[in-house]
Amino acid sequence: MKIAIIGGGLAGLTAAAYLSAQPNIEGTVFERSPQLGGRAFTYEKSGFTLNYGAHAVYGIDRHTLQHMEEDLNLKFQSKQVDKRKVVYAKHGRLTPAPLDFVNIMKTGVLTPMEKVRFVAEVAAVISHIHQLKHYRTLGEYLDKSNSAPDVKELWEHLVSSNFFITPEDARKVSGEVIAEYYHNLFLSSKPVNYILGSWATITDQLVHKIGENEKWDIAVKEPVETIVMEKGKFILNTKSREALEFDQVIFAMPVQQVCKMLENTPWKTQLDPYKDNTCTEVLVYDVGFSKVVARPFHYISDMDNKVFISDVSATDYTVVPVGGQLLQGIAYLNDDFTDEEEKKQYLEKKTQQMEALFDTYYPDWREHTAVKRVSKKAMVASVKNIYSNKLLPNKLPGVPFLFCGDGCEGKGELAERAFSSGRAAAQMLLNQRLETKALAL
Ligand SMILES: Cc1cc2nc3c(=O)[nH]c(=O)nc-3n(C[C@H](O)[C@H](O)[C@H](O)COP(=O)(O)OP(=O)(O)OC[C@H]3O[C@@H](n4cnc5c(N)ncnc54)[C@H](O)[C@@H]3O)c2cc1C
């Protein structure tokens, strides 16, 4: 059996690593860029390790990576962000972020009565009895809830930071999605961890696994351009080769791009409900310092402007040269603009808010900056997980391909959905193969 996997990001490499471990399956991973990893691509700049997308792993002890570690014999280490060093800035005052019981007691964002109420809500989420799961959106739940405004703001802020979206969008996330997400996160003993050495620690091992099977190859700088079906086989044309024949195809690229590629094919209609999905974009502001600027926090979230700065190297010390420090600033973005000019001005304002946060909490940051990378529109999730969008299933009725990626259905958010859907797509393909074999007997 010959498989084509289109896309060499976390999802595509995961699916390929699982499939290449099976006998009698050969395959090719097609990647249009010169490098692998997609949005989790890691690169070096003046001794600093920069990720295109950050490598925080939420609830690692309950994460899909745990299964992959076991199934694929992956070896990696992770380190937990120090919860005592996570702070919120509200109206210019710093206070511990209420991430666990100790911090809830210490935080200034809730009054003593509100703390009692919030602890009760956390307990209900953990025991799966919170009413939130029955509401279409967080907004609808908050409108009906008699919680204090501070508790409501905290819910919006938590969802905003975990889903990388604005509070307005946080209100549009489905109650069921949020209840499930926090059920996992609140039960985790390791809520926020970094993979030491960045995503490259994982992607390098997946690539190595694929390379161990000589019947598999990875074709970089080779975008797939068209795909047709002839006599039960899939015929792919890439930028540099024509008429490549495969038995099965897994799409591992952003959903909107899949819809575009399949626009003039018989499968267009089934893909139509997914083509207008909106994505999650953020402004990213990475700065590498030549020396460590010690602060009493490792993560500071500005609740008023919805921007945060993460001291990445305080947790993952492998990403800096000796004595250096790596900070990553992120601003959540709106996507509702009347024209390009309005959008340009909004992004400019967000950049200024970001720099103002650095000015306030790292006053001499400009002097220490050895490396800087600013991306005004980085795609965090290819499908923003709000109720009006639709995640693509791994398999669609009437469509012969399989799909994976962070815009597909799967466990978790962000990179976890890329991993979990990549793993699920590989398992579905293996099950299909078993069923076909059984029928042939
Ligand atoms: C700023 C930022 C911060 C983030 N922070 C976190 C975080 O802290 N934690 C977390 O879990 N996640 C985070 N993420 C999200 C995470 O990076 C993504 O969810 C994940 O990398 C998506 O992987 P994917 O394989 O689904 O998609 P992609 O990485 O987009 O992979 C798709 C691949 O397909 C290729 N491709 C597209 N079209 C074609 C074609 N026609 N032919 C061949 N190849 C093609 C693309 O080049 C790409 O390599 C962050 C992302 C960003 C941008």
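You'll find the structure just up there.
What counts as what
- Residues numbered from 1 in each chain as written.
- Predicted model: local features only at pLDDT ≥ 70, side-chain atom pairs only at ≥ 80, totals over all residues.
- Heavy atoms only, no water.
- 1 Å grid on protein atoms, 1.4 Å probe; cavity = no way out; pocket = protein on both sides within 12 Å on 5 of 7 lines; lining within 4 Å.
- Points joined across faces, edges and corners; volume = space filled by probe spheres on them.
- Helix = DSSP H or I, 4+ residues; strand = E, 2+ residues; numbered from the N terminus.
- Nonpolar A, V, L, I, M, F, W, Y, C, P; charged D, E, K, R; others polar.
- Buried < 20%, exposed > 50% of the residue type's maximum accessible area, 1.4 Å probe, protein only.
- Pairing = 2+ DSSP bridges.
- Domains from an automatic or database assignment.
- Contact = heavy atoms within 4.5 Å.
- Axes fitted to C-alpha atoms, helices over the stretch in contact; angles between N-to-C directions.
- Salt bridge = Lys/Arg side-chain N within 4 Å of Asp/Glu carboxyl O.

1. Some thoughts on empty space enclosed by the protein
- Considering all chains together, one arrives at 2 cavities of 30 Å³ or more under this definition.
- Roughly 80 Å³ of internal volume is contained in the largest cavity.
- Residue lining of the largest cavity: Thr-49, Leu-50, Asn-51, Ala-54, His-55, Ser-198, Asp-286, Val-312, Val-319, Leu-326 and Gln-328, and that is the complete set.
- Within the residue set of the lining of the largest cavity, elements represented by two or more residues are strand 4 (48-51) and strand 18 (325-332).
- Broken down by element, the residue count for the lining of the largest cavity peaks at 3 residues, all from strand 4.
- Grouping the constituent residues of the lining of the largest cavity by class yields 5 nonpolar, 5 polar and 1 charged.

2. Description of the pairing of strand 7 (residues 86-90)
- Burial within strand 7 is extensive, with 5 of its 5 residues counted as buried.
- Both strand 7 and strand 16 (residues 299-302) contribute to a ladder of 4 bridges, which runs parallel. What sits directly across from Tyr-88, in strand 16, is Ser-301.
- Judged from the 4 bridges that link them, strand 7 and strand 8 (residues 93-96) form a sheet pairing that is antiparallel. Residue Lys-90 lies in a different strand from strand 8, and its bridge partner there is Arg-93.
- Hairpin connection of strand 7 to strand 8: 2 residues between the antiparallel strands, including His-91 at a positive phi of 50 degrees.

3. Let's talk about unusual backbone geometry
- You will see that Ser-198, though not glycine, has its phi angle at about 75 degrees, which is positive.
- For Ser-198, the location among the structural elements is in the loop between strand 9 (192-195) and helix 9 (200-212).
- One non-glycine residue, Ala-243, lies in positive phi territory at about 50 degrees.
- By the secondary structure assignment, Ala-243 is in the loop between strand 12 (233-238) and strand 13 (244-246).

4. Some details on the layout of surface pockets
- Of the pockets and cavities examined, the second largest pocket occupies roughly 730 Å³.
- Taken together, 36 residues make up the lining of the second largest pocket; nearest its centre are Leu-99, Asn-162, Leu-185, Pro-191 and Val-192.
- For the lining of the second largest pocket, the element with the highest residue contribution is helix 4 (residues 112-126), accounting for 5 residues.
- Residue composition of the lining of the second largest pocket, grouped by class: 26 nonpolar, 7 polar and 3 charged.
- Taken together, domain 2 (83-190) and domain 3 (280-381) each give at least three residues to the lining of the second largest pocket, which thus spans both.

5. Things to note about the sheet that holds strand 20 (residues 402-403)
- In space, the 5 strands of this open sheet follow the order 10-2-1-14-20, with parallel pairing throughout. Only two strands of the sheet have a single partner each, and these edge strands are strand 10 (216-219) and strand 20.
- As judged from the 4 bridges shared by strand 2 (residues 26-30) and strand 10, these two strands associate in the parallel manner. What sits directly across from Val-29, in strand 10, is Ile-218.
- Most of the contacts of helix 1 (residues 10-20) go to strand 1 (residues 2-6), to which it runs at about 165 degrees, and overall it touches strand 1, strand 2, strand 10 and strand 14 (248-251).

6. A closer look at the pattern of salt bridges
- For the structure shown, the criterion picks out 22 salt bridges.
- A salt bridge links Lys-90 to Asp-150; the nearest nitrogen and oxygen atoms lie 3.6 Å apart. One end of the pair, Lys-90, is in strand 7; the other, Asp-150, is in helix 6 (residues 149-163), with 60 residues separating them in the sequence.
- Classification of Lys-90 by relative accessible area gives buried; the value is 17%.
- For Glu-156, the salt bridge goes to Arg-171, with nearest N and O atoms at 2.9 Å. Linking Glu-156 in helix 6 with Arg-171 in the loop between helix 7 (167-170) and helix 8 (175-187), this pair joins segments that are 15 residues apart in sequence.
- Residue Arg-171 is classed as partly exposed on the basis of its relative accessible area of 26%.
- Several salt bridges share partner residues, and in doing so they unite Asp-169, Lys-172, Asp-335 and Lys-384 into one network.

Treat this as a map of the structure, not an account of what it does.
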